[in-house]
Amino acid sequence: MGNLPQFRDIQIPDGVSFFPLAYGWWVLLLTLLLLIIGVRLFIAFWKSRKKYYSLKKLDAISVDNPIQAAMDISELLRRISLVKYRSSCALSGKDWIDFLNQHSTIPLSPQNAEFLSFAPFMSLADSRYTSEDALELKTFCKNWIGGNL
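Here's a quick rundown of the structure. (Residues numbered from 1 in each chain as written. Predicted model: local features only at pLDDT ≥ 70, side-chain atom pairs only at ≥ 80, totals over all residues. Heavy atoms only, no water.)

## So, the overall build of the protein chain
Going by this rule: Helix and strand labels come from DSSP, where a helix needs a run of H or I of at least four residues and a strand needs a run of E of at least two; each type is numbered from the N terminus. Just to be clear, the radius of gyration here is over C-alpha atoms, and the globule rule we use is 2.2 Å times residues to the power 0.38. Think of it in three bands: residues with accessible area under 20% of the maximum for their type are buried, residues over 50% are exposed, and the middle band is partly exposed, with areas taken using a 1.4 Å probe on protein chains only. In this description, contact between two residues means that some pair of their heavy atoms is separated by no more than 4.5 Å.
Assigned secondary structure in the protein chain consists of 5 helices and 0 strands. The linear arrangement of helices and strands in the protein chain, starting from the amino end, is α-α-α-α-α. For 149 residues, the compact-globule estimate of 2.2 N^0.38 gives 15 Å, and the protein chain exceeds it by more than 25% at 32 Å. With the principal axes as the frame, the protein chain shows a C-alpha extent of 120 × 25 × 20 Å. In the protein chain, buried positions account for 27% of the 149 residues. Sequence-distant contacts in the protein chain: of pairs separated by 6 or more residues, those separated by 24 or more amount to 63%.

Shown next, in the form of structure tokens:
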């Protein structure tokens, strides 16, 4: 029994801490963070690209011939609405104008609504509408694109 005072109690080591993380975990977290930021930037770029393309197409529409301009604006509005609102493909006439007005902050005037509705069925030589009417349609289309893309 002479050696008993030299023995000591068994000491259990402290538990392994979760922090500080090893370098591999920091690299994994950083990679995940960069991936999330990259995906968000890509989505934002993709959305702005559609808007940019649509506005470029709208700027390319000439108002020298108001009937042709109204037909081109109508086509552009339909193409954009098909991207975002799939159910809009079956709309025509008053339903189409109502749909456009519902999704716009500034509604079409009755004269421009009629112009937009009937332009595809008019003769290109028809002189009822002027370049100012086509410019009003372009302004409406620009606002509509801004609010929907």
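## Focus: helix α2 (residues 66–84)
Which entries qualify depends on this criterion: Every helix has an expected span of 1.5 Å times one less than the residues it contains.
Relative to the 27 Å expected for 19 residues at 1.5 Å per residue, α2 spans 27 Å between its end C-alpha atoms, a close match to the ideal helical length. Among all positions in α2, only P66, I67, A69, A70, I73, S74, L76, L77, I80 and S81 are buried. Elements that come into contact with the buried residues of α2 comprise α1 (23–59), α3 (93–102), α4 (110–118) and α5 (131–148).

## Brief notes about the nonpolar core
Operational definition: Side-chain atoms within 4.5 Å link the members of a nonpolar core, which is a set of buried Ala, Val, Leu, Ile, Met, Phe, Trp, Tyr and Cys residues.
In this structure, I73, L77, L100, L116 and W144 are the most contacted members of the largest nonpolar core, which totals 28 residues. Those elements that provide at least two residues to this core are α2, α3, α4 and α5. With 7 residues, the top contributor of residues to this core is α2. Setting aside its immediate chain neighbours within four residues, I73 contacts L58, I61, L116, A134, L137, K138 and C141.

## Focus: the packing of α3 against α4
To characterise two packed helices, one gives the angle between the axes of the helices and the distance between these axes. Defined as follows: Fitting a line to C-alpha atoms yields each axis, with helices limited to the stretch in contact; the angle taken between N-to-C directions then spans 0 to 180 degrees. Comment on the angle field: the value is read as roughly parallel under 35 degrees, roughly antiparallel over 145, roughly perpendicular from 65 to 115, and oblique elsewhere. For any pair of crossing helices, the crossing counts as left-handed if the nearer helix is rotated counterclockwise from the farther one by less than a right angle, and right-handed if it is rotated clockwise. Residue classes follow a fixed rule: Ala, Val, Leu, Ile, Met, Phe, Trp, Tyr, Cys and Pro count as nonpolar, while Asp, Glu, Lys and Arg count as charged, and any other residue, Gly among them, counts as polar.
Interaxial distance between α3 and α4 falls to 10 Å at its minimum, and their mutual angle equals 125°. Relative to α4, α3 is oriented oblique. Seen along the crossing, α3 lies across α4 with a hand that is right-handed. Residues G93, W96, I97 and L100 of α3 lie in contact with α4, whose contacting residues are A113, L116 and S117. Considered class by class, the residues forming the contact of α3 with α4 number 5 nonpolar, 2 polar and no charged.

## Here's the deal with the packing of aromatic side chains
For clarity, the threshold we go by: What counts as a ring pair is set by centres within 6.5 Å for rings of Phe, Tyr and Trp (its six-membered ring), and what kind of pair is set by the plane angle: stacked under 30 degrees, edge-to-face over 60, tilted for all other angles. A ring is scored as having a charge over it whenever the NZ atom of a lysine or the CZ atom of an arginine sits within 6 Å of its centre and within 35 degrees of its normal.
This model, assessed by the stated rule, comprises 5 aromatic pairs. With centroids separated by 6.5 Å and ring planes inclined at 55°, the aromatic side chains of F99 and W144 adopt a geometry described as tilted. Here the residue F99 occupies a position in helix α3, and W144 occupies one in helix α5, the gap between them amounting to 45 residues. Just above the ring of W46 sits the side chain of R49; from NZ or CZ to the centre is 4.3 Å. Taking the ring centre of W96 as reference, the NZ or CZ of R78 above it sits at 4.1 Å.

## Side note on the pattern of salt bridges
For the record, the criterion: What counts as a salt bridge is simple: a side-chain nitrogen of Lys or Arg found within 4 Å of a carboxyl oxygen of Asp or Glu.
Enumeration over the complete set of coordinates arrives at 2 salt bridges. The partner of K94 in a salt bridge is D98, and the shortest N-O contact between them spans 3.1 Å. You can see K94 and its partner D98 sitting in helix α3, 4 residues apart, about one turn around the helix. Of the charged contacts, one joins R128 and D126 as a salt bridge, the two residues approaching to 3.1 Å between their closest N and O atoms.

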